[in-house]
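# Observations on chain architecture
Residue strings, one per chain:
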Amino acid sequence: MIRKGPLPHPKDFPNDFTRQKVPMSVLKVRTSNGKSERRGWLVFSPGKQSLYCLPCRLFSHTVGSQLQRSQSIMASKQGWCTEQKWKKLFDRLPQHENTSAHKNCYLAWRELERRLESDTGIDVMSRKEIMSETEKL
Ligand SMILES: [Zn+2]
């Protein structure tokens with residue numbers, strides 16, 4: 001899951017209990033240079049029909065002190081599901097993004113991705129070596 005990067009979002013999100021659709025703009029964030037970029041950490045769980053924060057789900061129990069641990073619903077097992085109003089995500093997501101718990105988890109996640117990438121590099125290298133060894137036989 002991490003290796004492939006964030007899971008693609010589904011074509012159709014379920015509506016929330018008020019039958020509102022997910023506002024697509026909430027999935028994106030405006031970067032400092034004025035472009036809008038997908039919130040890569042925001043992942044949809046088809047099983048739970050909810051949106052959650054991938055890095056916080058992965059790392060909130062290992063990164064940071066007890067106090068810093070994210071109490072956010074985005075980091076919970078359930079995530080932000082259709083029993084909440086999607087519209088509230090407009091407030092909740094930036095709020096979540098600014099918590100130190102999230103920032104720590106996000107950095108840990110990026111670090112892991114980086115390491116996995118370099119691991120893959122090593123894999124490819126040794127595989128090539130193996131190939132050239134076999135060719136000699
Ligand atoms: Zn988070």
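Procedures and definitions
Residues numbered from 1 in each chain as written. Predicted model: local features only at pLDDT ≥ 70, side-chain atom pairs only at ≥ 80, totals over all residues. Heavy atoms only, no water. Core = buried A, V, L, I, M, F, W, Y, C linked by side-chain atoms within 4.5 Å. Buried < 20%, exposed > 50% of the residue type's maximum accessible area, 1.4 Å probe, protein only. Helix = DSSP H or I, 4+ residues; strand = E, 2+ residues; numbered from the N terminus. Contact = heavy atoms within 4.5 Å. Donors = N, O, S within 2.8 Å, 3.2 Å for Na, K, Ca; no water. Phe/Tyr/Trp six-rings, centres within 6.5 Å; stacked < 30°, edge-to-face > 60°. Lys NZ or Arg CZ within 6 Å of the ring centre and 35° of its normal.

The name given to the protein chain in an unreviewed UniProt entry is Zinc finger MYM-type protein 5-like, and the organism recorded there is Limulus polyphemus.

## Observations concerning the nonpolar core
Counting residues in each nonpolar core, the largest one holds 23 residues, and the members touching the most others are Leu27, Trp41, Leu42, Leu51, Met74, Leu89 and Leu93. Of all the elements in the fold, those that place two or more residues in this core are strand E3 (42-45), strand E4 (50-53), helix H1 (54-59), helix H2 (89-97) and helix H3 (100-136). Residues within four places of Leu93 in sequence aside, it is in contact with Val26, Arg39, Trp41, Leu42 and Met74.

## Topic: the coordination of the zinc ion
The zinc ion binds to the protein through Cys53 (SG), Cys56 (SG), His96 (NE2) and His102 (ND1); the donor distances cover 1.9 to 2.2 Å. Binding-site remark: the zinc ion is held by donors from one chain whose sequence spacing is C-x2-C-x39-H-x5-H. A relative accessible area of 3% places His102 in the buried class.

## Details of the packing of aromatic side chains
This structure, assessed with the given rule, holds two aromatic pairs. With 5.1 Å between their ring centres and 90° between their planes, Phe13 and Phe44 make a pair best called edge-to-face. Taken together, the residues span a long stretch of sequence, with Phe13 in the segment before strand E1 (28-30) and Phe44 in strand E3 at a distance of 31 residues. The class for Phe44 is buried, based on a relative accessible area of 7%. Directly above the ring of Tyr52 sits Arg57, whose terminal nitrogen or CZ lies 4.2 Å from the centroid.

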